[in-house]
Amino acid sequence: MTTTNRQVLLASRPQGGVTEDDFRIVETPVGKPDQGEVLVKNEWLSLDPYMRGRMNDVKSYVPPVQIGEVMVGQTVGEVILSRDPEFTSGDKVLTQLGWQLYGVARGGDIKKIDPKRAPASCYLGVLGMPGITAWFGLSEIGQPKAGETLVVSAASGAVGSVVGQLAKLNGCRVVGIAGGTTKCDYAVRELGFDACIDHKAGGLFEALRATCPAGVDVYFENVGGEMLDTMLRVLNPFSRIVVCGLIAEYNATEPYRSRNLRAVLVNRIRMQGMIVFDWKDRYGEAVKGLAGYLAEGKLKYRESVVHGIDNAPRGLIALLRGENFGKQLVKLA
Ligand SMILES: NC(=O)c1ccc[n+]([C@@H]2O[C@H](COP(=O)([O-])OP(=O)(O)OC[C@H]3O[C@@H](n4cnc5c(N)ncnc54)[C@H](OP(=O)(O)O)[C@@H]3O)[C@@H](O)[C@H]2O)c1
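Residues numbered from 1 in each chain as written. Predicted model: local features only at pLDDT ≥ 70, side-chain atom pairs only at ≥ 80, totals over all residues. Heavy atoms only, no water.

(A) Focus on the sheet that holds strand S13 (residues 270-273). If you walk across this open sheet you meet the six strands as S10-S9-S8-S11-S12-S13, and the pairing is parallel. The sheet is open, and its two edges are formed by strand S10 (195-198) and S13, each paired on a single side. Sheet twist, expressed as the average angle between the axes of neighbouring strands with direction ignored, equals 15 degrees. With three bridges connecting them, strand S8 (residues 149-153) and strand S11 (residues 216-221) associate as parallel partners. Within the sheet, the bridge partner assigned to Leu150 lies in S11 and is Val218. The strands touched by helix H2 (residues 129-142) within the sheet are S8, S11, strand S12 (235-243) and S13, with S12 carrying the most contacts at an inclination of about 150 degrees. (Pairing = 2+ DSSP bridges. Helix = DSSP H or I, 4+ residues; strand = E, 2+ residues; numbered from the N terminus. Axes fitted to C-alpha atoms, helices over the stretch in contact; angles between N-to-C directions. Contact = heavy atoms within 4.5 Å.)

See below:
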């Protein structure tokens, strides 16, 4: 077994867009597990938009990464040495070990996954945090009813693709918003959405009016900024907005100033933010439901993979520019 670990540390806090200089790659000795701990060899690292927020030194729902610390992130890996009776070498596990090839974790902080149920990478995407976010955000906050029109932004992405497919299974008319014709074609032809609007083509408001003649009842927001402001103009009375993510604003140095908030008042729109952790005691329920649909072929997914830990910074930068197409992952082994 190798004795050298490779880690990506936060080197500086980005101002605006993230650059590769904001990271530092180091080699360190592989850690040794104490009693109750395991050594994990990471195989897949998840890259997620929330990581941009952790690079800022601001108060949020979780503390930021400190300069010189390993970047945070979920991984799927294999236990290679266990000093916890609950785990044995060869177990595949979901961890929070972050951007590194090896890590020592407390047994209570990792979770066994079943690679026979689905490929290991799925536990970071469709059966992982993004899928669970879609599941609870849609059912608990969006509360779609059959026959309603639902719009979801970042429609081909990790969260958006699951939201749209679940809403179709709920009997909704589903319209995606995505960047470019390739992503839009995928949402309609592969994921079964009723329509998908290319936000890069311009004229979003007119396209929404044409595509949603009966207005919009549920808007699942992954993007924010001007897109959210435009959506406010097409939402129906008593509609719901699930504020899941605002990726268009994560690199911004100035907050976006909404012009159409009046619509919330006039149309009695319910707008609620969500953080997936709020349902942490019920994750199993979502994973069971999502795995069932996956097994039945009712849930499709796509992955964008960069290879090697050294390319993780490039992968995150691409994700934050919207260059990914599906769940963004780093293949480590
Ligand atoms: N609240 C929670 O608990 C929670 C949990 C997970 C994720 N989220 C949020 O959910 C959203 C989607 O996350 P994800 O992991 O599924 O990512 P993703 O959708 O797979 O990837 C991000 C996508 O955002 C779209 N995008 C639109 N405008 C953008 C802009 N100005 N800059 C960059 N990207 C832009 C891009 O798709 P197009 O090219 O199609 O526009 C891009 O591919 C994010 O806002 C994330 O923060 C929230």
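(B) The site of the ligand, seen in detail. Taken together, the neighbourhood of the ligand is formed by 28 residues, with His199, Asn222, Tyr250, Met274 and Asn324 sitting nearest. One of the backbone N or O atoms of Cys244 is found 2.9 Å from a nitrogen atom in the ligand. Between the ligand and Asn324 there is a distance of 2.6 Å, counted from an oxygen atom to a side-chain nitrogen or oxygen. Compared with its free state, where it exposes 900 Å², the ligand has 90% of that area covered by protein. Of all the secondary-structure elements, those providing two or more residues to the shell around the ligand are H2, helix H3 (158-169) and helix H9 (312-320). Considered class by class, the residues forming the shell around the ligand number 17 nonpolar, nine polar and two charged. (Near = heavy atom within 4 Å. Polar contact = N/O pair within 3.5 Å; in protein donor to acceptor, adjacent residues only side chain to side chain. Areas by Shrake-Rupley, 256 points an atom, 1.4 Å probe, with all protein chains shown as cover. Nonpolar A, V, L, I, M, F, W, Y, C, P; charged D, E, K, R; others polar.)

(C) Representation of the nonpolar core. Of all hydrophobic cores here, the largest spans 48 residues; its most connected members are Val76, Leu127, Leu150 and Val163. If you list the elements that add at least two residues to this core, you get H2, S8, H3, strand S9 (173-178), helix H4 (181-190), S11 and helix H8 (283-295). Ranked by residue count, the leading element in this core is H2, at six residues. Apart from residues no more than four positions distant in its own chain, Val76 is found in contact with Asn42, Glu43, Trp44, Val93, Leu94, Ile113, Ala120, Tyr123 and Leu124. (Core = buried A, V, L, I, M, F, W, Y, C linked by side-chain atoms within 4.5 Å. Buried < 20%, exposed > 50% of the residue type's maximum accessible area, 1.4 Å probe, protein only.)

(D) Up close: the packing of H2 against H8. At a minimum axis separation of 9 Å, H2 and H8 run at an interaxial angle of 100 degrees. By the angle class used here, H2 and H8 are roughly perpendicular. When H2 is examined against H8, the residues Gly131, Ile132, Trp135 and Phe136 are found in contact with a partner set consisting of Tyr283, Glu285, Ala286, Val287, Gly289, Leu290 and Tyr293. By residue class, the composition of the contact of H2 with H8 is eight nonpolar, two polar and one charged. (Parallel < 35°, antiparallel > 145°, perpendicular 65-115°, else oblique.)

(E) Quick look at the environment of Leu47. Structurally, Leu47 is set in the loop between strand S3 (37-46) and helix H1 (50-54). On the basis of relative accessible area, Leu47 is assigned to the buried category, the value being 1%. Between the alpha carbons of Leu47 and Gly215 there is a distance of 34 Å; along the sequence they are 168 residues apart. Those residues in contact with Leu47 that sit more than four places away from it in its chain are Trp99, Ala312, Gly315, Leu316, Leu319, Lys327, Gln328 and Val330.

(F) Up close: the packing of aromatic side chains. Taken as a whole, this structure holds five aromatic pairs when the rule is applied. Ring centres of Tyr61 and Phe277 lie 5.7 Å apart, and the angle between their planes is 65 degrees; on these two criteria the pair is classed as edge-to-face. Residue Tyr61 is found in the loop between H1 and strand S4 (75-82), and its partner Phe277 is found in the loop between S13 and H8; the two are separated by 216 residues along the sequence. You can call Tyr61 partly exposed: its relative accessible area is 44%. (Phe/Tyr/Trp six-rings, centres within 6.5 Å; stacked < 30°, edge-to-face > 60°.)

Function cannot be read off these values alone, since they describe shape.
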